[in-house]
Amino acid sequence: MIWKRSAVLRFYSVCGLLLQGSQGQFPLTQNVTVVEGGTAVLTCRVDQNDNTSLQWSNPAQQTLYFDDKKALRDNRIELVRASWHELSISVSDVSLSDEGQYTCSLFTMPVKTSKAYLTVLGVPEKPQISGFSSPVMEGDLMQLTCKTSGSKPAADIRWFKNDKEIKDVKYLKEEDANRKTFTVSSTLDFRVDRSDDGVAVICRVDHESLNATPQVAMQVLEIHYTPSVKIIPSTPFPQEGQPLILTCESKGKPLPEPVLWTKDGGELPDPDRMVVSGRELNILFLNKTDNGTYRCEATNTIGQSSAEYVLIVHDVPNTLLPTTIIPSLTTATVTTTVAITTSPTTSATTSSIRDPNALAGQNGPDHALIGGIVAVVVFVTLCSIFLLGRYLARHKGTYLTNEAKGAEDAPDADTAIINAEGSQVNAEEKKEYFI
């Protein structure tokens, strides 16, 4: 208590000076918020001070520092800065009991004070999720509870599933035994399905003491469900003589046992050509007798499911014969023939010659082949007529008839010829042409 007496004596000794300058002096402080376990710095400033003392005291009105002199024996309290214009102290390892109103006093006449409130934030404990028992059957109602304690003020709890927040939850806040912190819990209710298997459900705790880094708890769901079955063919258009693989794709939890293949409600009729390997049915060399309904059945401990595939074996399409290519001269001849002949077949022939591949890939008669044959026949016929005409034209001649006027009256042929010789010059020439 010696320091208190000296301080009082000093206080009264400078009373006159304080009265002169006290009108422009006033201490300034600021409220402080600190996380439990952290360090709080309390600062008191005076803009105008004529050597007047400053003092910090705690909520219990115990003096902590008088100018640069420490008054309370507490190793957590240290002097940061001391001058006529500022007195700053620090409190380390702050606890919830340190929260309250601290006072900075300026010993003028009268004494002037300024209040600073120290707020201590209670850090919430890491959350815990309860209520999950593995595994859960598809369609069951699940109830999960997330709980955290020690927060001040009360923490906020949020739920997420597949990174999507769930809003419809229950929230409960309870005061702890120390009557300073809170225990917060939140309950999530939902009905599970197979899409929830392997999904992470996250409980997130937000609080201002966490510096924007929330605390989380995660629960990965395990859902058991009946198999789902789908048959996938190796080709969408199975043809006779080709192989076919049917794959039975089954998903379930637990994993389904080996699948069972049947045809038309019975066993596979030809084991030599129909080979089952795992989840695949391999049919070698398809034929019409393979037509029917194939069924794939998968089973696990939860239940059974199946899928069906109707097989229709298609005929192999006819192979098109190569189209005869006709020279350009023949094409011209055929074109002339088409112009003279109005038959639809000839017109189709012309079209086929211009585009030999126009009907490729189509079923039915080979119009290109027929058109080529007709064109060759027409070409040969025209060539024959042309050659015959040239031959006959070379053997044409002029023939004179030895007939004269009055020869008809001659008694015999010799007389007629003699009579005609004199008039041969005037005889009329008759020409005959053979075509």
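Residues numbered from 1 in each chain as written. Predicted model: local features only at pLDDT ≥ 70, side-chain atom pairs only at ≥ 80, totals over all residues. Heavy atoms only, no water.

Trainee: Lay out the overall build of the protein in plain terms, naming residues and giving numbers.
Mentor: In terms of regular secondary structure, the protein is built from six helices and 28 strands. By residue count, 34% of the 435 residues in the protein fall in the buried class. A sequence separation of at least 24 residues applies to 62% of the contacts in the protein between residues at least 6 apart. Of the accessible surface of the protein, which amounts to about 26,800 Å², a share of 54% is contributed by carbon and sulfur atoms. (Helix = DSSP H or I, 4+ residues; strand = E, 2+ residues; numbered from the N terminus. Buried < 20%, exposed > 50% of the residue type's maximum accessible area, 1.4 Å probe, protein only. Contact = heavy atoms within 4.5 Å. Areas by Shrake-Rupley, 256 points an atom, 1.4 Å probe, with all protein chains shown as cover.)

Trainee: Please provide a residue-by-residue account of the sheet that holds strand E24 (residues 280-283), values included.
Mentor: Spatial ordering of the open sheet is given by E12-E20-E21-E24-E23, a layout of five strands whose pairing is mixed. Taken across any chain shown, the strands that pair with only one partner, and hence form the sheet edges, are strand E12 (136-137) and strand E23 (274-277). The pairing of E12 with strand E20 (residues 223-233) spans two bridges and is classified as parallel. The residue bridging Val-136 from the neighbouring strand is Ile-223, located in E20. (Pairing = 2+ DSSP bridges.)

Trainee: If you had to explain the pattern of salt bridges to someone new, which residues and values would you point to?
Mentor: Applying the stated criterion across every chain yields a total of 21 salt bridges. Across the pair Glu-86 and Arg-81 runs a salt bridge whose closest N-O atoms are separated by 3.5 Å. Here Arg-81 falls in the partly exposed class, since its relative accessible area comes to 47%. In this structure, the salt-bridge partner of Glu-99 is Lys-152, at a minimum N-O distance of 2.6 Å. Of the two residues, Glu-99 sits in the loop between strand E8 (86-91) and strand E9 (100-106) while Lys-152 sits in the loop between strand E13 (141-151) and strand E14 (156-161), which places them 53 residues apart along the sequence. In this structure, a network of salt bridges that share partners links the residues Arg-158, Glu-165, Lys-167, Arg-204 and Asp-206. (Salt bridge = Lys/Arg side-chain N within 4 Å of Asp/Glu carboxyl O.)

Trainee: Which residues make up the pairing of E13, and what are the values?
Mentor: The pairing of strand E11 (residues 128-130) with E13 spans three bridges and is classified as antiparallel. What sits directly across from Ile-129, in E13, is Cys-146. Relative to strand E17 (residues 182-191), E13 is paired through nine bridges, and the arrangement is antiparallel. Pairing of Thr-145 across the sheet is with Thr-187, part of E17.

Trainee: Summarise the pairing of E8; cite the residues concerned and give the values.
Mentor: A large share of E8 lies buried, amounting to six of its six residues. Along E8, one buried face is formed by Glu-86, Ser-88 and Ser-90 and the opposite face, lined by Leu-87, Ile-89 and Val-91, is buried too. Sheet topology note: the strand E3 (residues 40-46)/E8 ladder contains six bridges and is antiparallel. Paired with Thr-43 across the two strands is Ser-88, which belongs to E8.

Trainee: Kindly report on unusual backbone geometry, identifying the contributing residues and their values.
Mentor: Omega for the bond connecting Ser-134 with Pro-135 falls within 30 degrees of zero, at -5°, which places this linkage in the cis form. With respect to the helices and strands, the residue Pro-135 is situated in the loop between E11 and E12. The step from Lys-253 to Pro-254 runs through a cis peptide bond, and the omega angle for that step is 0°. Even without being a glycine, Arg-179 presents a positive backbone phi close to 60°. Looking at the secondary structure, you find Arg-179 in the loop between strand E16 (170-175) and E17.

Trainee: Lay out the sheet that holds E17 in plain terms, naming residues and giving numbers.
Mentor: Read from one edge of the open sheet, four strands run E11-E13-E17-E16, paired in antiparallel fashion. Unpaired on one side and paired on the other, E11 and E16 mark the two borders of the sheet. Taking each pair of neighbouring strands and ignoring which way they run, the sheet shows an average axis angle of 20°. Inspection of the sheet shows E16 paired to E17 by six bridges, in the antiparallel sense. Residue pairing across strands places Lys-173 opposite Val-184, the latter belonging to E17. (Axes fitted to C-alpha atoms, helices over the stretch in contact; angles between N-to-C directions.)

Trainee: So what's going on with the packing of aromatic side chains? Residues and values would help.
Mentor: Per the stated rule, a full pass over the model turns up one aromatic pair. Directly above the aromatic system of Phe-182 lies the positively charged group of Lys-173, at a separation of 5.4 Å from the ring centroid. (Phe/Tyr/Trp six-rings, centres within 6.5 Å; stacked < 30°, edge-to-face > 60°. Lys NZ or Arg CZ within 6 Å of the ring centre and 35° of its normal.)

Trainee: How would you summarise the environment of Ile-245 if you had to cite specific residues and measurements?
Mentor: Considering the arrangement of structural elements, one finds Ile-245 in strand E21 (residues 244-253). What makes Ile-245 partly exposed here is its relative accessible area of 30%. Taking the C-alpha atoms as reference, Ile-245 lies 5.9 Å from Pro-233; in sequence the two are twelve residues apart.

Trainee: A description of the state of the cysteines should follow, citing residues and the corresponding values.
Mentor: Counting across every chain of the model gives three disulfides. Each disulfide pairs two cysteine sulfurs, and for Cys-44 the partner residue is Cys-104, the sulfurs being separated by 1.8 Å. Taking the sign of the S-S torsion, -75° for the link of Cys-44 and Cys-104, the bridge is left-handed. Within this pair, whereas Cys-44 is found in strand E3, its partner Cys-104 is found in strand E9, the two being separated by 60 residues in sequence. Given a relative accessible area of 0%, Cys-44 falls into the buried group. Under the relative-accessibility criterion, Cys-104 is labelled buried at 0%. Paired by a disulfide, Cys-248 and Cys-296 hold their sulfur atoms 1.6 Å apart. (Disulfide = S-S within 2.5 Å.)

From the geometry alone we can't say anything about function, so treat these as descriptive.
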